[in-house]
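Structure assessment
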Amino acid sequence: MPDPFLILGIEPDADDAAVEAAYRSAIKRCPPDREPVAFQAVREAYERLRTRRDRIGYRLFDTEPPQPIDLLRRAEANRHAVASAGEATERANRRPDPELFKALLRGER
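Residues numbered from 1 in each chain as written. Predicted model: local features only at pLDDT ≥ 70, side-chain atom pairs only at ≥ 80, totals over all residues. Heavy atoms only, no water.

**Focus: the pattern of salt bridges**
The condition is simple: Salt bridges, as used here, are contacts in which a Lys or Arg side-chain nitrogen is within 4 Å of a carboxyl oxygen on Asp or Glu. In this description a helix means any DSSP run of H or I spanning at least four residues, a strand means any run of E spanning at least two, and both kinds are numbered starting from the N terminus. Here's how the labels work: a residue is buried when its accessible area is under 20% of the maximum for its type, exposed when over 50%, partly exposed in between, all with a 1.4 Å probe on protein chains only.
Inspection of every chain in the model, using the stated rule, returns six salt bridges. Arginine 74 serves as the salt-bridge partner of aspartate 3, at 2.3 Å between the closest nitrogen and oxygen. Of this pair, aspartate 3 sits in the segment before helix H1 (4-8) while arginine 74 sits in helix H5 (residues 68-93), placing them 71 residues apart in sequence. With a shortest N-O distance of 2.4 Å, glutamate 47 and arginine 50 are connected by a salt bridge. Overall, arginine 50 belongs to the partly exposed group, its relative accessible area being 32%. Because the salt bridges share partners, they merge into one network encompassing Arg43, Glu47 and Arg50.

Pasting the structure below:
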């Protein structure tokens, strides 16, 4: 089975509320009448990760090796997380234009 954390789009340290919210948004994206295979995958992932106890049991006792597609999806998710963190840091480090600031204070813009 593919990685249930990737199917639901959550981190391994997510709490019960985050798992529930991810499940609800996933079933809205792929309802059972339109995409039954995707819905079944989401449902199975949710069943495996529903509670904190289930998530701990999955991490401790799941012995299936990861599938190659899971590794690729996790790498893609990590790449996006690093890229968005870099953009946020860049935006935070940008200095405002002093002329624009003066114009805003004068009420010109």
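**Brief notes about the side chain of aspartate 3**
Our working definition: For the purposes of these results, a polar contact is taken to be a pair of N or O atoms within 3.5 Å, where, inside protein, one atom must be able to donate a hydrogen and its partner to accept one; residues adjacent in sequence count only when each atom of the pair is a side-chain atom.
Assessed through its relative accessible area of 13%, aspartate 3 is described here as buried. Reaching out from aspartate 3, the side chain makes a polar contact with the backbone nitrogen of phenylalanine 5 at a distance of 3.2 Å.

**A look at helix H2 (residues 16-29)**
Given 3.6 residues per helical turn, the α-helix brings residues three or four places apart onto the same face. In plain terms, the rule: Expected helix span is taken as 1.5 Å per residue step, with the number of steps being one fewer than the number of residues. Throughout, the arc means the angular range of directions from the helix axis out to the C-beta atoms. Contacts: residue pairs with any heavy atoms within 4.5 Å of one another.
The terminal C-alpha atoms of H2 lie 20 Å apart, and with 14 residues this matches the ideal 20 Å at 1.5 Å per residue to within 8%. For H2, the full list of buried residues reads Val19, Ala22, Tyr23 and Ala26. Buried residues along H2 cover an arc of 100° about the axis, so they all sit on one side. The exposed set on the far side of H2, more than 90 degrees from its buried face, consists of Ala17 and Lys28. For H2, the elements touching its buried residues are H1, helix H3 (36-49) and helix H4 (52-61).

**Side note on the environment of proline 4**
Tracing the sequence through the fold places proline 4 in helix H1. When the C-alpha positions of proline 4 and aspartate 70 are compared, they lie 9.6 Å apart, and in sequence the two are 66 residues distant. Excluding its chain neighbours within four sequence positions, the residues that come into contact with proline 4 are Ala45, Arg48, Leu49 and Tyr58.

**Looking at the packing of H2 against H3**
The axes of two packed helices give the description: the angle between them and the distance between them. Under the convention used in this document: Helix axes are fitted to C-alpha atoms over the stretch in contact, other axes to C-alpha atoms as well, and angles between N-to-C directions run from 0 to 180 degrees. Roughly parallel covers angles under 35 degrees, roughly antiparallel covers those over 145, roughly perpendicular covers 65 to 115, and oblique covers all other angles. Each residue receives one of three labels: charged for Asp, Glu, Lys and Arg, nonpolar for Ala, Val, Leu, Ile, Met, Phe, Trp, Tyr, Cys and Pro, and polar for the others, Gly being one of them.
Packing of H2 against H3 brings their axes to within 10 Å, and their N-to-C directions diverge by 170°. In terms of axis orientation, H2 runs roughly antiparallel to H3. In this structure, H2 contributes Val19, Glu20, Tyr23, Ala26 and Ile27 to the contact, and H3 contributes Phe39, Val42, Arg43, Tyr46 and Leu49. In terms of residue class, the contact of H2 with H3 is built from eight nonpolar, no polar and two charged.

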